[in-house]
Amino acid sequence: MKKTNRENPREKETKTVKLMDRKPKERKIGTVTAKQMSAAVDLVLKDNYSIRAAAERLNIKFQTLHRYVTKKRRNPDIPLAGMAPNYAVRRIFSAEQDELGEYITKCSKMAYGISTKECRKLAFEMAIRNNIKVPDSWHVCKSAGVEWMRHFLKRRRNISIRQPEACSLSRLTSFSPYNVGLFFDNLESVLRRIPQVADGNRIFNLDESGVTTAHKPRKILAEKGSKQVNQCTSAGRGALVTICSIVSAAGTYLPPALVFPRKYFKAHMLVGAPAGSLGLANPSGWMTSDLFIQVLDHFIKFTNSCSENPTLLIYDNHESHISLATVEKPRKFGVNILTLPPHCSHRIQPLDVSVFRPFKSYYNATVDSWMLRNPGIPMTIYQVAECVGEAHPKAFTPANIIAGFKRSGIYPLNRSVSSEADFLNASVTDRPIDLESPSTSFQARKNDDLNKETNKTNLKCDSTDNTEKTDGKRKTNRKPRQRGKSKIITDSPEKHALIEKEKEKELNTRKGMKKTKRVLADWDTDELKKPKKPAAESYVCKDSDSSDSDNDISVTLADSSGDENYCFPDVEKEPDFFEQPEINDFVLVEFPNKIFYIAKVISEIVHGNEYEVSFLRKCRKMGGCFVFPAIPDMAAVQENEIKWVLPKPNPVKNKRLINPRLPDIGVAIKKDKKESIAKLLKRHYEKEWGYENSLSLS
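Within every chain, residues take consecutive numbers counted from 1 along the sequence as written. For this predicted model, a pLDDT threshold of at least 70 governs which residues receive local features, and a threshold of 80 or more governs which side-chain atom pairs are given and counted, while totals over whole chains, interfaces and linings are taken from all residues. Note that the side-chain values use all heavy atoms of the structure and ignore hydrogens as well as water.

Peer 1: So what exactly am I meant to see when it comes to the pattern of salt bridges here?
Peer 2: Pairing of side chains with opposite charge becomes possible as their charged atoms draw close. A pairing counts as a salt bridge when a side-chain nitrogen of Lys or Arg comes within 4 Å of a carboxyl oxygen of Asp or Glu. All chains considered together, the criterion is met by eleven salt bridges. Between R150 and E147 there is a salt bridge, with its nearest N and O atoms 2.3 Å apart. Taken together, the residues R150 and E147, both in helix α8 (residues 146-155) and three residues apart, mark about one turn of the helix. Relative accessibility thresholds used throughout: buried, under 20% of the residue-type maximum; exposed, over 50%; partly exposed, between the two (1.4 Å probe, protein chains only). R150 sits in the partly exposed class, given a relative accessible area of 40%. Put simply, R415 and D185 hold a salt bridge, and the shortest N to O gap is 2.9 Å. Here R415, found in the loop between α16 (398-408) and α17 (438-462), pairs with D185, found in helix α10 (residues 177-193); they are 230 residues apart in sequence, far enough to count as distant. Salt bridges sharing common partners tie together D185, E188, R192 and R415. Helical segments are the DSSP runs of H or I of at least four residues, strand segments are the runs of E of at least two, and each set is numbered from the N terminus.

Spelled out as structure tokens, the structure:
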């Protein structure tokens, strides 16, 4: 039989893989000098050596020596310089002048990199300023050529064309030596003050990350040349579920907390999650201050933190993490909280440094696998816990966690973990130091201010038009946002600052309540589309002895919907009848134009001088009843605006409905009974205060 030379398909596949893995050869520059090459050529031409023997004797490549022997035979008068390759024959910049590479790398590290076109223009300007001869095409295009750019990248092996990632200016400039140094100063002070946490077992890091039902697909195999390769996902954006993770410097982790985008949390949402996980709910799926209190309870429960066994918790200074409630509870249980500098978590937060990235990769792979097992079925938030439970232990390994604490310099403590190159991004905000004496610099600043004022005055006097002279900045009444910094928020100074901040915020909220426009309840929105009714009639109470129209007093009682108007006499408070308003009392509040509203006292703001009240609205379905609106209508009123404290209301089956009783008048307030109400009120005032003939109904 004839033997056929068949190729093994496995060997063929191996050869193909080897061809794919082959790297391009780097250009090698010869090391043979002109004198060595001249000596080798003389051995061949004068001493009758063969080319191969001469090449072996002087350790020169045979092909190279053969080329120079041929060159010498054709031109015997060739100079010594022609016996070696001239690699710099078309080079523009010498090795000493070629500082462009260092400039490019420094710009890229500062996040202000330049493109190839800008680099070519820069090379042309550099050559012109240094009087270097360049090709004529450079003068025509006002930039270096494409060929020069290609060879420049070949010479500079440490430079390549890269696609940068977008990074905000605040993140770039916040990672500065001052901010990082302040964080490590606070960390050292805590470690010296609480030696129990210095061994790393009681140092914890907390941070949130988002996972969605629409995952990021992995790389897949597809046909070469395909213009578009797709991978199935549940939705375009998907629902967000926030996962709050806590790890320790010893390499352990606590069960995570999951915030689902729902109003109420249900137990079945946590099916498949890591054991001991905490389930929370918020309509947006984000962490809030109220939910973070529950996370702190979760942390205290699993760490057994107390005054005798303190802990150190490090997290960022997000608004939901810093509040008065989040400070008071940890202080009771020995939890010391240290916040990171703003926009620096990508460098000095262990979870961001080494844990969350592998977790996202494992989570995306798990969701991708779930989609393959359930074709045609979209993923919902009820499967997120299962995917998190599978990906969490793979990413939260002791090696990853310990590496994160070490790389961030928190444990073991290492202040010099970041080099000067890491702080280059923030160098764009550096300013020159004022070396003048304090008095001189102060006088200079004073003179500058005077010059500015003089210039402003001259501008105002010389300008003929009425247009505003602005410096390009938008004028706003808002105060500039206070810059964040690293701080120990459980210390007393920071706690007092939070208390003052809460008081100021509450005071601003009270002031804003007075300007709130009252809107109708949900069931009254259709009434807004109807045409406005003419102004309601009001009853006038006149003095019986006076006929002057100027003495008429028009008084109206209305609910906050503005649809019902009632007569009510204008009287002043009498000490025998009126009481000091208390919490949960129903009162009658006077507004301009003698309009009254019924409200409930919620709280006392400043020692009885101001009260926070919730206004009621007239119920259209049940006559004589008032209702608390779906959206609370809150406001702050002065004590002198509260005219009457009403008795307790009549009980009604619906808890939202209130049937108020005016003083000693047990009749329902209806539109068709205005006259009877007015007469009863008149009789009541005559009986209580002795106004026998002072009031009369017009």
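The structure having been displayed, the exposition proceeds.
Peer 1: What am I meant to see in the environment of K263 here?
Peer 2: Tracing the chain through its elements places K263 in the loop between β3 (253-260) and β4 (278-281). For K263, a relative accessible area of 62% puts it in the exposed group. Spatially, the C-alpha atom of K263 lies 9.4 Å from that of G285, the residues being 22 residues apart in sequence. K263 has contacts with A281 and P283, leaving out every residue within four places of it along the chain. Only heavy atoms matter for contacts: two residues are in contact if any of them lie within 4.5 Å across the pair.

Peer 1: I tried to follow the packing of helix α14 (residues 350-373) against α16 on my own but got confused; where do I start?
Peer 2: Two numbers describe how α14 lies on α16: the axes approach to 7 Å, and their chain directions differ by 145°. As α14 runs across α16, the sense of the crossing is right-handed. Listed contacts from α16 to P350, V353, S354, V355 and P358 of α14 are N400, I401, A403, G404, F405, R407 and S408. Class assignment of the residues belonging to the contact of α14 with α16 gives a composition of seven nonpolar, four polar and one charged. All axes here are fitted lines through C-alpha atoms, helices being fitted over the stretch that makes contact, and every angle between N-to-C directions spans 0 to 180 degrees. Should the near helix be turned counterclockwise from the far one by less than a right angle, the crossing is left-handed, whereas a clockwise turn marks it as right-handed. Residue polarity is assigned by list, with Asp, Glu, Lys and Arg as charged and Ala, Val, Leu, Ile, Met, Phe, Trp, Tyr, Cys and Pro as nonpolar; anything else, Gly included, falls into the polar class.

Peer 1: In this structure, what is going on with the packing of helix α3 (residues 51-58) against helix α4 (residues 62-74)? I would like to understand it.
Peer 2: Between two packed helices, what matters for the description is the angle formed by their axes and the separation of those axes. One way to put it is that α3 packs onto α4 with a least axis distance of 9 Å and a crossing angle of 120°. With respect to α4, the element α3 is oriented oblique. You can see that α3 and α4 cross each other, and the crossing is right-handed. Across the interface between the two elements, I51, R52, A54 and A55 from α3 touch F62, L65 and H66 from α4. In the contact of α3 with α4, the residues fall into five nonpolar, one polar and one charged. Our angle categories are set so that under 35 degrees counts as roughly parallel, over 145 as roughly antiparallel, 65 to 115 as roughly perpendicular, and the remainder as oblique.

Peer 1: Just to check I follow, could you spell out the side chain of R617 for this structure?
Peer 2: Within the secondary structure, R617 is located in strand β13 (residues 617-618). Counting of polar contacts relies on pairs of N or O atoms within 3.5 Å, with two restrictions inside protein: one atom must be capable of donating a hydrogen and the other of accepting it, and residues adjacent in sequence are counted only when both atoms are side-chain atoms. In this structure the side chain of R617 is engaged in a polar contact, spanning 3.4 Å, whose partner is the side chain of D633.

Peer 1: I tried to follow the nonpolar core on my own but got confused; where do I start?
Peer 2: The nonpolar side chains of a soluble globular protein tend to be buried, and buried together. Within the largest apolar cluster, 48 residues are counted, with the highest numbers of intra-cluster contacts made by I203, I314, Y363 and F396. Residue assignment for this core shows that the elements contributing at least two residues are α10, β1 (203-212), β2 (240-248), β3, β5 (311-315), α14, α15 (384-395) and α16. A per-element tally of this core places α14 first, with eight residues. Those residues in contact with I203, other than ones at most four positions away along the chain, are L191, V197, V247, S248, A249, L312, I314, F405, I410 and Y411. Only buried residues count toward a nonpolar core. Its members are Ala, Val, Leu, Ile, Met, Phe, Trp, Tyr and Cys residues joined through side-chain atoms within 4.5 Å.

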